[in-house]
Number of protein chains: 2
Amino acid sequence: MSLIQKQNHCSKNFSMNSATTLLLRSFPLFFFLIFSTPLPASPNKIPRLRTFLRDPANTISASVSEDYETFFYTQTLDHFNYRPESYATFQQKYVINFKYWGGANTSAPIFAYLGAEAPLSNDLGIIGFLSDTAPQFKALQVYIEHRYYGESVPFGTFEEALKNESIRGYFNSAQAITDYAEMLLYLKKNLSANYSPIIVVGGSYGGMLASWFRLKYPHIALGAVASSAPILYFDDITPQNGYYSIVTKDFKEASESCYETIRQSWSVIDEVASQLNGLSILSQRFKTCAKLNTSVELKNYLDSLYATAAQYNEPSTYPVTVVCGGIDGGGASQETDVLGRVFSGVVAYFGNRSCYDTNYFNDPSDETNVGFQWQICSEMVLPIGRGNNDTMFPAAPFNLSSFIEDCKSSYGVFPRPHWVTTYYGGHDIKLVLQRFASNIIFSNGLRDPYSSGGVLEDISDSVLAVSTVNGSHCLDILSAKQSDPQWLVMQRKREVKIIENWITKYYEDLLLFKK
Amino acid sequence: MSLIQKQNHCSKNFSMNSATTLLLRSFPLFFFLIFSTPLPASPNKIPRLRTFLRDPANTISASVSEDYETFFYTQTLDHFNYRPESYATFQQKYVINFKYWGGANTSAPIFAYLGAEAPLSNDLGIIGFLSDTAPQFKALQVYIEHRYYGESVPFGTFEEALKNESIRGYFNSAQAITDYAEMLLYLKKNLSANYSPIIVVGGSYGGMLASWFRLKYPHIALGAVASSAPILYFDDITPQNGYYSIVTKDFKEASESCYETIRQSWSVIDEVASQLNGLSILSQRFKTCAKLNTSVELKNYLDSLYATAAQYNEPSTYPVTVVCGGIDGGGASQETDVLGRVFSGVVAYFGNRSCYDTNYFNDPSDETNVGFQWQICSEMVLPIGRGNNDTMFPAAPFNLSSFIEDCKSSYGVFPRPHWVTTYYGGHDIKLVLQRFASNIIFSNGLRDPYSSGGVLEDISDSVLAVSTVNGSHCLDILSAKQSDPQWLVMQRKREVKIIENWITKYYEDLLLFKK
């Protein structure tokens, strides 16, 4: 069975209506989650990173009920400067669901989803953690869009803002979390909800933002749920091959022979490619929609497919198992040589198609691809690479100096590879935070390649790691489903219990404080 | 006896040599401390604030020994932006004393003085806390200059940088503490002092920076000593009249009749000023060097004198007592009417002079005056004012909207009066920080008018308030003297003990961490 269904039904910027709702709800959740952008880390290419919640190739707006109201906040462009141009403003989108809120009188909580590297509409409806838990806490739900994405673009269109070197400079995480700070203070004031505790929630890059927000703005957020947030994948904290080591482990655990096939396939591809007509042969065997120009296209495509399957290896379908099923001979095609088996993995993943688009994982018109490419080339320098024989992939070490040069030639400015650890920390995190900070959940699924850069051990009695052995990327903050395995149900329960403790303690403190 | 001695010996930008050292050391410490900039908060004037460690009218470089080596760090102009111009750099001055350092091998501590709104040379030599305690801790001492002051000016001279609206925008606290973060990480790396705990120290505005630094950069500073830091004098946290209420209390406690004379004097001055030749009469009676143009000049001068005496009411001379001695009849002149008594207070404070300069507290060529004026008109909006009959001063309420307009007309941009509480917090500080943060000392002298905006109660078992009933501004971080009263000696001892606890705990943690 194919994991990607009805792709042709996808269209961009769906508006929300009930017909759409029904249509979308009939899709498997995985549809929204498969993720992407391709390209392994390679010495002379800027690595494209998979940090998103879902597949940008399927940019579709999940529909949400009428309880979600959209607003815009007039946001400051530059929080950290007082030049005249710093005072420019833009309209930042946020969405509120008042339905379950207990109100300001009872200081009922506010759950705030911190938008990440995508239009907010992409996440609404799939981030179920807030709506699933709001009734129990009588919580207000607010979802805030990240600057430069979706409808929260300063100065014209996304393309225009990203093209202009003077405008895109303000597009970074420090400014973004300060947007959230300003906007949330405004919201509390506006609702007279002075003592409503705020819990911020985010996933992946947004999970980093959530944990950093609690660290930088403890006076605004009482606590943070940082789902699948690789806050330690910076500088030299995490081994470069962390990501691909876990992809490899996932495949090896699914099937030793599948792993072995993939491991061998790269040199087979190279060998065929080096032959006369080799690229034609590869194009034919992989049914590529356009003839391959280079074998790298194919290798990047496969790389992305395996990494995506691993990162979004969610438990209703387990894509890694599906791909390996194809490779090991359970797929539609019954090929027996290495190339044939690898292709069977592709078919198992995508289903039978007339052809396969090797650009599938790399849509250059997608905001997430374009926007996050800028972000990793300025501040979010995640050094993801791999050496010789330390994964099932060919070597592609992350070379900082060539990375810097590539970014410079693309954007005209150098990345700042030490900025994240300078501003947010990360080194020796337990030593630093065990007697400082409180109320952060770092949740991870250990099958998620990004868990290699996550916080996997408790730091203190309220800065806690909640991991699941079989989990993948951001599972816990997605909408609960009947089919969720028990370990996922338990993970969410544990998180809710922790949040409950934070809030209970806060109300006790508040009572004493107000006396 | 006059409190201001040998003023004519002062010259700007003294270079350090041993002759100077001797000369300066023979001066009473108060000489370096008397402080200033004038002008009460008034509805239509931008209030000038006294937040400095010493008197900008006496800008003199205290000399320090040869153990202090000067260095420059190539600092990033804009940490929060990636426009091409953000990458400009400037040379930031810092000074190191290696003498007592135990070295990187033993992870001996680093004490870092965070420069404030003055050239670093002003503070070196008078900030004795680091050098006095370094031997006991085997600590490295580092003193870092605040951006835009002294020799750490981006783009040309101080005047040029301040005049240019595109350049002065980068002159703010968030950028400044990030300078300290970058520079300290660089220093640790350079010294291979990876596990040397850093304790940051600052006074007044610099004390705010120290506490904020610990909150924002806990991965860089293990703890902070925030001396006389009015971090709660923002927004609506502290009553506007906090500052002048304490000035008033200081005078009332010194002498009820002195307080009463001052309280009455303002209307007497107004009455005389309204007469024909009234300004001539006032000029004569107060021996002003230039004829008064308006009675406000005189009133601002007296306002500054009283506030300065109260803020720097240090225990070897107690200037408030000296001024009241003059007013109450113990001064050189034996006047008996209100004006005469007030003038006797001036004479007691300054000593007998041929004339008195009403611009004394407001030197427009002083970097501190000019620089901090910009800072309060952009981010450091301290709403200091007073109402009718709530202090011994005439009413001068802080009017936010006219303040904003005045700043706008002076600098072309609006101040951001809620920025400090947005970025650093401050509201409900105990509720927020009791379960978050650690290792901050908020020290205050309760006779310091700025203590009204200070943290005067313990927040948790390691975020501690250390106050002295008779203390004034920043006393604890100045060099210890033989003549120091017991309560000041005890205050410093308590602070050292607290720091010792932090460091001991840290080394215990480190041992476990490294296992």
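Residues numbered from 1 in each chain as written. Chains lettered and ligands numbered in written order. Predicted model: local features only at pLDDT ≥ 70, side-chain atom pairs only at ≥ 80, totals over all residues. Heavy atoms only, no water.

**Regarding the sheet that holds strand β6 (residues 223–227) of chain B**
Residue and element names in this part refer to chain B. The cut-off we apply is this: What makes two strands pair is DSSP finding at least two bridges between them. Counting from the N terminus, the helices are the DSSP runs of H or I reaching at least four residues and the strands are the DSSP runs of E reaching at least two. Orientation is described by lines fitted to C-alpha atoms, with helices fitted over the stretch in contact, and by angles between N-to-C directions that extend from 0 to 180 degrees.
Taken in spatial order, the 8 strands make up an open sheet running β1-β2-β4-β3-β5-β6-β7-β8, and their pairing is mixed. Where the open sheet ends on each side, the last strands, each with one partner, are β1 (68–76) and β8 (463–468). Averaged over all pairs of adjacent strands, the angle between their axes in this sheet comes to 20°, without regard to strand direction. Here 4 bridges tie β6 to strand β7 (residues 440–445), and the two strands are oriented parallel to one another. Looking across to β7, one finds that Val225 is bridged to Ile441.

**Concerning the confidence of the model for chain A**
Residues and elements named next belong to chain A. Using the following cut-off: You can read pLDDT as the predictor saying how much it trusts each residue, on a scale of 0 to 100. Note on contacts: a residue pair qualifies if any of its non-hydrogen atoms lie within 4.5 Å across the two residues.
With 87% of its residues at a pLDDT of 70 or more, chain A has an overall mean of 89. Scored below 50 in pLDDT, residues 4–44 makes 125 contacts in the model with residues more than four places away or belonging to other chains. Counting contacts from residues 55–61, a segment whose pLDDT is below 50, to residues more than four positions away or on other chains yields 36 contacts. Scored as a whole, the predicted complex attains pTM 0.91, and scored at its interfaces, ipTM 0.90.

**Comments concerning the relation of the copies chain A and chain B**
Applicable threshold: What sets the superposition is a least-squares fit of C-alpha atoms, and only residues with pLDDT of at least 70 in both copies go into it.
Between chain A and chain B, the superposition needs a rotation of 180° and an axial shift of 0.0 Å, giving an RMSD of 0.0 Å. Such a turn and shift between the copies fits a two-fold axis. Most of the interface of chain A is mirrored in chain B: 100% of its interface residues are interface residues there too.

**Comments concerning the packing of aromatic side chains**
We count it as follows: Two rings from Phe, Tyr or Trp (for Trp, the six-membered ring) form a pair when their centres sit within 6.5 Å of each other. Planes less than 30 degrees apart are called stacked, planes more than 60 degrees apart edge-to-face, and all others tilted. With a 1.4 Å probe rolled over the protein chains alone, any residue whose accessible area is under 20% of its type maximum counts as buried; one over 50% counts as exposed, and the rest are partly exposed. We call a charge positioned above a ring when the Lys NZ or Arg CZ atom is no farther than 6 Å from the ring centre and deviates by at most 35 degrees from the ring normal.
Going through the model one piece at a time under the given rule, you end up with 78 aromatic pairs over all chains. Ring geometry for Trp374 of chain A versus Tyr82 of chain B: centroids 6.4 Å apart, planes at 90°, classification edge-to-face. With one member in each of two chains, Trp374 of chain A in helix α14 (residues 367–378) and Tyr82 of chain B in the loop between β1 and β2 (89–97) form a pair that bridges those chains. Summarising the burial analysis for this pair, Trp374 of chain A and Tyr82 of chain B share the class buried. Relative to Phe234 of chain B, the ring of Trp212 of chain B lies with its centre 6.3 Å away and its plane at 50°, an arrangement referred to as tilted. Note that Trp212 of chain B is positioned in helix α7 (residues 205–216) and Phe234 of chain B in the loop between β6 and α8 (242–254), a separation of 22 residues in sequence. Its relative accessible area of 1% is what places Trp212 of chain B among the buried residues. With a relative accessible area of 1%, Phe234 of chain B lands in the buried category. Directly above the ring of Tyr82 of chain A sits Arg416 of chain B, whose terminal nitrogen or CZ lies 4.7 Å from the centroid.

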